[in-house]
There are 2 protein chains.
Amino acid sequence: MTRIALDAMGGDAAPSAPVAGAIEALDTLPPSCEVILVGRSEQIAAAIDDLCMERPERLSILDAPEVIEMSEKPLAAVRGKRKSSIRIGLETQKAGGADALVSAGNTGAMMAASALILGLHPGVERAAIGALFPTASKPVLVLDAGANIDCGPRKLRGFAHIGNVYAKDVLRRDNPKVGLLNIGEEEEKGNQAVRQAFDLLQSDSGINFIGNVEGGDILTGELDVVVCDGFVGNVLLKFYESVARLFVGLLRQEMEQDVLESEAMGRVLKVLDYSEYGGAPLLGVRGVSIICHGRSSARAFKNAIGVALQAVESHVSQHIGDEMASGASR
Amino acid sequence: MTRIALDAMGGDAAPSAPVAGAIEALDTLPPSCEVILVGRSEQIAAAIDDLCMERPERLSILDAPEVIEMSEKPLAAVRGKRKSSIRIGLETQKAGGADALVSAGNTGAMMAASALILGLHPGVERAAIGALFPTASKPVLVLDAGANIDCGPRKLRGFAHIGNVYAKDVLRRDNPKVGLLNIGEEEEKGNQAVRQAFDLLQSDSGINFIGNVEGGDILTGELDVVVCDGFVGNVLLKFYESVARLFVGLLRQEMEQDVLESEAMGRVLKVLDYSEYGGAPLLGVRGVSIICHGRSSARAFKNAIGVALQAVESHVSQHIGDEMASGASR
């Protein structure tokens, strides 16, 4: 039995989008998987009633009367709102009542509360956000996508190991190809942290390190993991989303309706559709914590529940713990 | 009389692409503008003969027997190859025989040689690359796009001033809106350099500083200048180019020929076409130095010559010098 907790109060369209996503997910999830909606129980019950004649099986509600707003300071909010959906969702996981939490709420609060409540694996200073970037073929994992602003070489090496385990366990890649994001392929390129990380990774037999990669290499489909600091990763993630929006907007503005509705265009737009990937795992915590975009649709929540299930079933968190304990952070 | 020198040996398709670009440019440039092709004169003459029955007026050849290859170490190549097209092009500008140099050759060599030969304006430690990013409306200037890897707060403030002058002079923007690239809008976000740069810019009455901007804000069309360090800017520039390639490739793969050749699709693809912008100015040097993409087409060279002409005629270099001397770097 796997139980995925979903923060029903998180995101711009809460609770209706997360509730709808949970109900859609149950149609495709294996029978052994349940979803727990965490949040204000009356609002959640009303949202379920709007969508279904009767409450679906394998869907339960866990009451959490407080909500951490998007604009709140993360640490203060996590400390102050002990009955918030994010806290209660994570505490339930910690106590064994759930295997994962998915939330589109305040990202900083999810990060802070996950570290505080689930804890970090030994050897992990701070969890990293792993973002999946769509390519024309398989997606590539970019980390860190925003949790770690200043990253020394050891931290970057840690991201390589964490990403390597995630790519094997969840993305099912054999011998994942790991690249270090830089401004040139030559090893003397980049700032000091990146140059030193290059040396560490070059001599690290536990990683299939293919060397420095540039901004233009990320989406070739040849890489499984791209390592960068959280400043660059966050800027790239948000930029990519905006390019996809710009591009889709241009097509909508210029093309005729029949072209837009064609199957061919559907395939193009699907590649650019972030909701395909649902959520970004917070990696390095002792458990499963999936961060969704504030603008998540029901479909994005459904897919994020799928991401959480894969993480639980593959035991990726435990494997990351083993990897970091075995000296990846040394 | 304005004379634009063009490195005929630079870029993957040299000399044919730069020569063709120069010839195309002459059709649209004002009669007072000449183009000087710099490089191996026999090869250039042969490339001209391939394209024209007779040599166009206002097109001349300046012999430079050496070529700096893309793979060479910039500084050593600039020092060693005194008869290279890049050096001779810049020395001619320094001596008053040309007003600008455009090159798609070794970027590092262009930067090093420009600083060495043209020199930097007082108050500029190192020139910055200004890259124009296409948006659905007007392009936005992102700087630095790769010349400065480690940037303290004062350097970032300098980029804001340099970009401000460029946006006014060349992009013809009134009171340009300048944003600081960060991972959140709040002023406490980001690494130390960016936080301190925020404070400097916030109290700087010479800049229409609109605050922190995120990766997703760059392409909204509401900004004129985005300030970032050269690591982030370079990664973003190359990433954006690759996203555009990915989109165009997806469309080519999926859509029918008649849709691809439609006017509507032409308008979509035009937005994503980097050759529209031709070249990136190296800002902070005493003169005009325009860096083109190694993959530049004839059309890109033609447009880069246009960028160079605008820079010359608007006196942007002199205005940047005035701005930096007046205390923007204090």
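Keep in mind the model is a prediction, meaning the values are calculated, not measured. (Residues numbered from 1 in each chain as written. Chains lettered and ligands numbered in written order. Predicted model: local features only at pLDDT ≥ 70, side-chain atom pairs only at ≥ 80, totals over all residues. Heavy atoms only, no water.)

1. Structural notes on the sheet that holds strand E10 (residues 225-227) of chain A
All names here are of chain A. Taking strand neighbours across the sheet as the criterion, the five strands line up as E6-E7-E10-E8-E9 in an open arrangement whose pairing is mixed. Bordering the open sheet on either side are strand E6 (131-133) and strand E9 (208-213), each of which pairs with just one other strand. On average, each strand axis in the sheet is inclined to that of its neighbour by 30°, with strand direction left out of account. Across five bridges, strand E8 (residues 177-181) lies against E9 in parallel orientation. (Pairing = 2+ DSSP bridges. Helix = DSSP H or I, 4+ residues; strand = E, 2+ residues; numbered from the N terminus. Axes fitted to C-alpha atoms, helices over the stretch in contact; angles between N-to-C directions.)

2. Some details on the nonpolar core
Counting residues in hydrophobic clusters, the biggest one holds 258 residues, and the most contacted among them are A:Phe133, A:Ile218, A:Met255, B:Phe133, B:Ile218 and B:Met255. If sequence neighbours within four positions are ignored, A:Met255 has contacts with A:Leu260, A:Met265, B:Val259, B:Ser262, B:Ala264, B:Met265 and B:Val268. (Core = buried A, V, L, I, M, F, W, Y, C linked by side-chain atoms within 4.5 Å. Buried < 20%, exposed > 50% of the residue type's maximum accessible area, 1.4 Å probe, protein only. Contact = heavy atoms within 4.5 Å.)

3. Description of the relation of the copies chain B and chain A
Note on the copies: chain B fits chain A at an RMSD of 0.0 Å, the axial shift is 0.0 Å, and the rotation between them is 180°. What we have between these two chains is a two-fold relation. Measuring from the rotation axis to each C-alpha of chain B, the shortest distance belongs to B:Val232, at 3.0 Å. (Least-squares fit on C-alpha atoms with pLDDT ≥ 70 in both.)

4. Side note on the pattern of salt bridges
All names here are of chain B. One pass over the full model with this rule turns up 13 salt bridges over all chains. In this structure, Glu72 and Lys81 form a salt bridge, with 2.7 Å as the shortest nitrogen-oxygen distance. Taking the relative accessible area as the measure of exposure, Glu72 reaches 22% and is therefore partly exposed. Two residues, Arg87 and Glu91, come together in a salt bridge whose shortest N-O distance is 3.0 Å. Of this pair, Arg87 and Glu91 both sit in helix H4 (residues 85-94), four residues apart, which is roughly one turn of the helix. Its relative accessible area of 6% is what places Arg87 among the buried residues. (Salt bridge = Lys/Arg side-chain N within 4 Å of Asp/Glu carboxyl O.)

5. Thoughts on the interface of chain B and chain A
On the chain A side, the residues contacting the 45 residues of chain B number 46 residues. Carbon and sulfur atoms supply 78% of the area buried between chain B and chain A, which totals about 3900 Å² over both sides. Considering only the surface of chain B that becomes buried against chain A, B:Ile183, B:Phe231 and B:Phe239 emerge as the three largest contributors, covering 18% of it. Where chain B meets chain A, there are five salt bridges. Between B:Lys238 and A:Glu214 there is a salt bridge whose closest N-O contact spans 2.3 Å. Our enumeration of links across chain B and chain A arrives at seven residue pairs in polar contact (both at pLDDT 80 or more). Per-element accounting of the side of chain B that touches chain A gives the leading share, 17 residues, to helix H8 (residues 230-254) of chain B. (Buried area = accessible area lost by both parts, 1.4 Å probe. Polar contact = N/O pair within 3.5 Å; in protein donor to acceptor, adjacent residues only side chain to side chain.)

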